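Architecture and fold: a report
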Amino acid sequence: MKKVYLIGYMGCGKSAIGKRLSFATKMPYYDMDSEIVKKMGMTIPEIFETYGEERFRELETEFLNTFRDEFCIIATGGGVPMRKENREIMRRTGIVFFLNAPFRDIWRRIASDRNRPIVQRSTRLDLEKLFNERKPHYLHTAHFKVETENRSLRDIMDYIAFQIRRLRGEL
């Protein structure tokens, strides 16, 4: 296990947990969306507008295939596990944690986010339907399902850090 992947629907806490986990484990943290933005020199809405969603999904797969081979934490985009190839790469190259948050919590976090093209062009009902479509893929991909409801960021981070140390034989 080299990489630690955090997966889940947008707004489930992948970035917030990833940053804290990096500090706790002394492993570098990378946000897949940020890395793609850097590579392309465009924001995610600009990438969607210029190249379309399919090209963005290809960029996510390219990232998984080519990103440096090191012990690190990676917060993936919410759609990454929808591709079978991505699921296989993540399970083969690391340990996958699914941050399972209820949709009502997610909606509170994403409803006014201007940097999420999908939120801007969708209704709450559309987003909830997408959430329900993606969830089986998250569950299928994950080595660990981490319940986030009624848990602090600290509690979630402590649990994942414990599992990482355990799997690396550090306990």
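Residues numbered from 1 in each chain as written. Predicted model: local features only at pLDDT ≥ 70, side-chain atom pairs only at ≥ 80, totals over all residues. Heavy atoms only, no water.

Points about the environment of Phe67
- Mapped onto the elements of the fold, Phe67 is located in the loop between helix 4 (53–66) and strand 3 (72–75).
- Taking the C-alpha atoms as reference, Phe67 lies 15 Å from Glu85; in sequence the two are 18 residues apart.
- Residues within four places of Phe67 in sequence aside, it is in contact with Lys3, Tyr30, Glu35, Cys72 and Ile74. (Helix = DSSP H or I, 4+ residues; strand = E, 2+ residues; numbered from the N terminus. Contact = heavy atoms within 4.5 Å.)

Side note on the pattern of salt bridges
- Per the counting criterion, the structure on display carries 15 salt bridges.
- Taking the shortest distance from any N to any O, the salt bridge between Glu62 and Lys39 comes out at 3.2 Å. Remark: Lys39 occurs in helix 2 (residues 32–40) and Glu62 occurs in helix 4; sequence separation between them is 23 residues.
- Several salt bridges converge on common partners, so that one network encompasses Lys39, Arg55, Glu58 and Glu62. (Salt bridge = Lys/Arg side-chain N within 4 Å of Asp/Glu carboxyl O.)

As for the packing of aromatic side chains
- Scanning all chains against the criterion turns up nine aromatic pairs.
- When the ring of Tyr9 is compared with that of Phe131, the centres are 5.3 Å apart and the planes differ by 85°; the resulting orientation is edge-to-face. Of the two residues, Tyr9 is situated in the loop between strand 1 (3–7) and helix 1 (14–25) and Phe131 in helix 8 (residues 124–141); the sequence distance between them amounts to 122 residues. Pair check on accessibility: Tyr9 and Phe131 agree, each one buried.
- Judged by centre distance (5.0 Å) and plane angle (15°), the rings of Phe97 and Phe144 are stacked. A residue pair is termed long-range when its members are at least 10 positions apart, and Phe97 in strand 4 (residues 94–100) and Phe144 in strand 5 (residues 144–147) qualify at 47 residues. Here Phe97 matches Phe144 in class, with each residue buried. (Phe/Tyr/Trp six-rings, centres within 6.5 Å; stacked < 30°, edge-to-face > 60°. Buried < 20%, exposed > 50% of the residue type's maximum accessible area, 1.4 Å probe, protein only.)

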